[in-house]
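# What the coordinates show
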Amino acid sequence: MSNTKNTEESQGSRESREARESRGSQDEPRSRKQTDDNRNTKRPSPMQVLREARGQLAELTGMEAESVSSFEQTEEGWALEVEVLELERVPDTMSLMASYQVELDPDGQLTGYRRVRRYERGRADARGSGR
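A brief look at the structure comes next. Only a predicted model underlies this, so the values are computations on that prediction, with no experimental measurement involved.

## Details of the sheet that holds strand β1 (residues 65-73)
- If you trace the four strands from one edge of the open sheet to the other, you get β1-β2-β3-β4, paired in antiparallel fashion. Looking at which strands have only one partner, the edges of the open sheet turn out to be β1 and β4 (110-120). Looking at each pair of strands side by side, their axes are set apart by 20° on average, direction ignored.
- Pairing of β1 with strand β2 (residues 78-87), which is carried by seven bridges, proceeds in the antiparallel orientation. Its bridge partner lying in β2, valine 68 is registered against valine 82.
- Against the sheet, helix α2 (residues 46-61) makes contact with β1, β2, β3 (96-104) and β4, and its axis sits at roughly 130° relative to β1, the strand it touches most.

Structure below.
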């Protein structure tokens, strides 16, 4: 008899556990969807924006970004100034560099870019020297 009682109790607890799991799985798709929706509306981190901007600019211009000299979040999204090697020369200090102003939307997608200056790698920036 004790075996029968234990079997009935274990079946009852299994049924209640299955019922709880069944109810939980009915609620689960809704909570997963809410979580997915929250993930989809989450903004990219600044590092993600920088990586994406460099990659998108390189794809559009064919020039790899060497550095990012300016980076800020704006009302429209993001604004960066990116330094690229435009023309490689020997010696390296004579190579032509360029600064590009890059604009991105809030999700980090490039919306526009323009070259704002061109200079030799070995030259000091006259704008920064106070002249």
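## Some thoughts on α2
- Here α2 contains 16 residues, and its C-alpha end-to-end distance of 22 Å stays within 8% of the 22 Å for a straight helix at 1.5 Å per residue.
- Along α2, the positions that sit buried rather than exposed are Val49, Leu50, Ala53, Gln56, Leu57 and Ala58.
- For α2, the elements touching its buried residues are β1, β2, β3 and β4.
- One or two positions beyond α2, positive phi appears at glycine 62, with a value near 80°.

## Quick look at the packing of aromatic side chains
- Taken as a whole and assessed by the stated rule, the structure comprises two aromatic pairs.
- Seen in terms of ring centroids, phenylalanine 71 and tryptophan 78 are 5.2 Å apart; in terms of plane orientation they differ by 10°. Their pairing is stacked.
- Geometrically, the ring pair formed by tyrosine 100 and tyrosine 113 is tilted, given 5.9 Å between the ring centres and 55° between the ring planes. Taken together, the residues span a long stretch of sequence, with tyrosine 100 in strand β3 and tyrosine 113 in strand β4 at a distance of 13 residues.
- Note on tyrosine 100: relative accessible area 8%, which makes it buried.

## Quick notes on the pairing of β2
- Across the 10 residues of β2, eight count as buried, placing the element largely inside the fold.
- If you look at the hairpin formed by β1 and β2, you'll find four residues sitting between the two strands, and glycine 77 has a positive phi there, around 150°.
- Of the pairings in the sheet, the one linking β2 to β3 comprises nine bridges and is antiparallel in character. Note that in β3 the partner of alanine 79 across the bridge is glutamate 103.

## What to know about unusual backbone geometry
- Note the cis peptide between valine 90 and proline 91, where omega equals 0°.
- Along the chain, proline 91 falls in the loop between β2 and β3.

## What to know about the side chain of serine 99
- Examined against the element boundaries, serine 99 turns out to sit in strand β3.
- Not counting the four nearest positions on each side in its chain, serine 99 is found in contact with Glu81, Val82, Glu83, Arg114, Arg115, Val116, Arg117 and Tyr119.

## Digging into the nonpolar core
- Counting 15 residues, the largest nonpolar core has Leu57, Leu80, Val82, Val84, Tyr100, Val102 and Leu104 as the members making the most contacts within it.
- For this core, the elements supplying multiple residues, two or more each, are α2, β2 and β3.

## Looking at the pairing of β4
- The pairing of β3 with β4 spans nine bridges and is classified as antiparallel. The residue bridging tyrosine 100 from the neighbouring strand is arginine 115, located in β4.
- The antiparallel hairpin formed by β3 and β4 contains five residues in its connecting segment, where glycine 108 sits at a positive phi of about 90°.

Reading guide: rules and limits
Numbering of residues starts from 1 in each chain and follows the order in which that chain's sequence is written. A pLDDT threshold of at least 70 governs which residues receive local features in this predicted model, and a stricter bar of 80 or more applies before side-chain atom pairs are shown or counted, although totals over entire chains, interfaces and linings include all residues. To get the side-chain values, all heavy atoms of the structure are used, and hydrogens and water are removed first. At least two DSSP bridges between two strands are required for those strands to pair. To qualify as a helix, a DSSP run of H or I must reach at least 4 residues; to qualify as a strand, a run of E must reach at least 2; elements of each kind are numbered from the N terminus. To obtain an axis, a line is fitted to C-alpha atoms, over the contacting stretch when the element is a helix, and the angle between two such axes runs from 0 to 180 degrees between their N-to-C directions. In what follows, residue pairs with any heavy atoms lying within 4.5 Å of each other are defined as contacts. Here a helix's expected span is defined as the number of its residues, less one, multiplied by 1.5 Å. Throughout this description, buried means an accessible area under 20% of the type-specific maximum (1.4 Å probe, protein chains only), exposed means over 50%, and partly exposed covers the range between. Any pair of Phe, Tyr and Trp rings, taking the six-membered ring for Trp, is counted once the centres come within 6.5 Å. Such a pair is stacked with planes under 30 degrees apart, edge-to-face with planes over 60 apart, and tilted for the rest. The definition of a nonpolar core used throughout is a set of buried Ala, Val, Leu, Ile, Met, Phe, Trp, Tyr and Cys residues joined through side-chain atoms within 4.5 Å.

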